[in-house]
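Structural characterization, general
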Amino acid sequence: GGGPASAGAVKSKSRRRRKRVHVVIEIGNTSKRVADTKFSMMTYLRPVHIKYSGMKRPSGFTSSLNKSSVVKKVEFNINPSYSKPTLTLLKPSSQQYGYTLERALNFRFPCFATIYLDEKKIGRKLPPAKLEYWTRFRAHKQRVVLSFEYSPTPARRSSSPSSGRRESNRSRGKRGMKPVVY
């Protein structure tokens, strides 16, 4: 019958669904006065921690894995009304700060960052995460957690027409990551 063995199987399946990867991203800016009213502000973005919950670290990952390697590309945009980014970086531009963009201006400015994670390193393809950051006249930083379900094989999609409920689930899946600022 439906004894303890079946209950264990159900528990095991639900645990597999809870495997998650958390990538902690630090975004911030440095600031240095370069003229009477002008500041040189460098906006930076760098992964600072990767955590796997409900699972062992995937094969090929070591505790000394370069955290920046989970990031495939970063786009900085200091004029969000334009769709074209100000700068696209495929690798970190600074050993200390990671991905950087520097401007000397006499006002605060938006520096929105779009982060593309490497699907081979994180176990699944995800849409890019968009972070809206505004520079400050003093050095500042904050951390954001990108959290998502780990799935080493891509989910299959049905080619049949979708009902309203399935459409809702599909659009929910496209969001992928929910940044949490702390």
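Scope of this entry: the structure provided in the associated data block. (Residues numbered from 1 in each chain as written. Predicted model: local features only at pLDDT ≥ 70, side-chain atom pairs only at ≥ 80, totals over all residues. Heavy atoms only, no water.)

A short note on the overall build of the protein
Across its full length, the protein carries three helices and nine strands. For the protein, long-range pairs separated by at least 24 residues make up 67% of all intrachain contacts whose partners lie at least 6 apart in sequence. When the accessible surface of the protein is split by element, carbon and sulfur atoms take 50% of a total near 12100 Å². (Helix = DSSP H or I, 4+ residues; strand = E, 2+ residues; numbered from the N terminus. Contact = heavy atoms within 4.5 Å. Areas by Shrake-Rupley, 256 points an atom, 1.4 Å probe, with all protein chains shown as cover.)

Some points on the nonpolar core
Grouped together as the largest cluster of nonpolar side chains are 30 residues, with contacts concentrated most on Leu-45, Phe-76, Ile-115, Leu-117 and Leu-146. Contributions of two or more residues to this core are made by β1 (20-33), β2 (39-53), β3 (71-77), β5 (99-105), β6 (112-117), β7 (129-131) and β8 (140-149). Top contributing element to this core by residue count: β2, with five residues. (Core = buried A, V, L, I, M, F, W, Y, C linked by side-chain atoms within 4.5 Å. Buried < 20%, exposed > 50% of the residue type's maximum accessible area, 1.4 Å probe, protein only.)

Some thoughts on the sheet that holds strand β4 (residues 87-89)
Backbone hydrogen bonds are what pair the strands of a sheet, in a parallel or an antiparallel way. Pairing is antiparallel across the open sheet formed by four strands, whose spatial order is β4-β3-β6-β7. Since the sheet does not close on itself, it has two edges, and those belong to β4 and β7, each with one partner. The mean angle between the axes of side-by-side strands here comes to 15 degrees, regardless of whether they run parallel or antiparallel. Sheet analysis places β3 next to β6, joined by six bridges and oriented antiparallel. Paired with Glu-75 across the bridge in β6 is Thr-114. (Pairing = 2+ DSSP bridges. Axes fitted to C-alpha atoms, helices over the stretch in contact; angles between N-to-C directions.)

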